[in-house]
Structure formats: C-alpha cells, structure tokens
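Structure assessment
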Amino acid sequence: QVQLVESGGGLVQAGGSLRLSCAASGRTFSIYTMGWFRQAPGKEREFVAAISWRGASTNYADSVKGRFTISRDNAKNTVNLQMNSLKPEDTAVYYCAADINLRLPSRWGYDYDYWGQGTQVTVSS
C-alpha cells in the first residue's frame, strides 16, 4: 500500500509562484513513476506533469510547459511541482499519483495506481 500526501497549495496572485510537495510512504518509492494531475470545478481531471523513477525522464502538459517543473528526491520520498508564472486558469485541486509498474512517465490517469487527497491551488487575477 502506498500513501500520498500533498502539501503547499494556497492562494496566490497571477504571475506568482507556488511549490507543491507530495510525501509518499513505501520503501520502494524510488522505483515509482510519479505524476501530478489537477481538476478544476466542473471540469475533468487533467494531466500536469510526470517524472520517471530516477528523474531522467519528464513529461509535461502543453499548458504548463516552461512554467512548471517537476522534480523528486528519492532519499526523502518526495516529489515536487514548482509552479511559476501562475495564471487564473491554473486554479484547481492538484493531486499527486504513483505508478508502480515501471512505466515511462504517463499522462493517462488510468496508468496510476495510487492517488493523494489533493491540495487546492487558487490563482487570483
């Protein structure tokens, strides 16, 4: 069983930055592909970013490319999402997810086995 706990959400003005973190339980975190997804009110969940187990491969949604950076620290069992130049359309609940099947970073939610509870990010205009 893998437990994921997100933190770092909050309210920020457009153009500002936030750093989300996801703490994972489990001795084998270092081999999980990790992803971030988000869901805005009234919209479907969408992919944001993902990172391979060693961090060598990343995958980003076009809407966040160049503004968001995903990283991981396997020694601390954490994955982070640095979000810069935030826009009101980035407002959503952000979820981290773990894929335990040794795949390359996937943008499809059904490839992920475990999900956190989410953290709210609100960007004001």
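Everything here concerns the structure above.
1. Description of the packing of aromatic side chains
Using the criterion set out here, one finds 5 aromatic pairs in the structure. A ring pair is formed by F37 and W115, whose centres lie 5.0 Å apart and whose planes are at 55 degrees; its orientation type is tilted. Here W115 lies in strand β10 (residues 114-115) and F37 lies in strand β4 (residues 33-39), a separation of 78 residues in the sequence. Judged by its relative accessible area of 2%, F37 falls in the buried class. For the pair Y112 and W115, a centre-to-centre distance of 6.2 Å together with 65 degrees between the ring planes defines the contact as edge-to-face. Across the ring face of W115, the terminal group of R45 is positioned such that the distance to the ring centre comes to 4.1 Å.

2. Topic: the sheet that holds strand β8 (residues 78-83)
Strand pairing in a sheet relies on backbone hydrogen bonds. The paired strands run either parallel or antiparallel. Taken in spatial order, the 4 strands make up an open sheet running β1-β3-β8-β7, and their pairing is antiparallel. The strands lining the two open edges of the sheet, one partner per strand, are β1 (4-7) and β7 (68-73). With direction set aside, neighbouring strand axes in the sheet form an average angle of 15 degrees. With 6 bridges joining them, strand β3 (residues 18-24) and β8 adopt antiparallel strand pairing. In the strand pairing of β8, L18 is matched with M83.

3. Some remarks on unusual backbone geometry
Excluding glycine, a negative phi dihedral is what most residues carry, and trans is how most peptide bonds are arranged. Despite not being glycine, N77 has its phi angle at roughly 55 degrees, a positive value. Take N77: it is sitting in the loop between β7 and β8. Taking relative accessible area as the criterion, N77 reaches 19% and is therefore assigned buried. With phi around 50 degrees, S85 is a residue other than glycine that occupies positive phi space. Among the structural elements, S85 can be located in the loop between β8 and β9 (92-99).

What counts and how
- Residues numbered from 1 in each chain as written.
- Predicted model: local features only at pLDDT ≥ 70, side-chain atom pairs only at ≥ 80, totals over all residues.
- Heavy atoms only, no water.
- Phe/Tyr/Trp six-rings, centres within 6.5 Å; stacked < 30°, edge-to-face > 60°.
- Helix = DSSP H or I, 4+ residues; strand = E, 2+ residues; numbered from the N terminus.
- Buried < 20%, exposed > 50% of the residue type's maximum accessible area, 1.4 Å probe, protein only.
- Lys NZ or Arg CZ within 6 Å of the ring centre and 35° of its normal.
- Pairing = 2+ DSSP bridges.
- Axes fitted to C-alpha atoms, helices over the stretch in contact; angles between N-to-C directions.

By themselves, these figures tell us nothing about what the structure is for.
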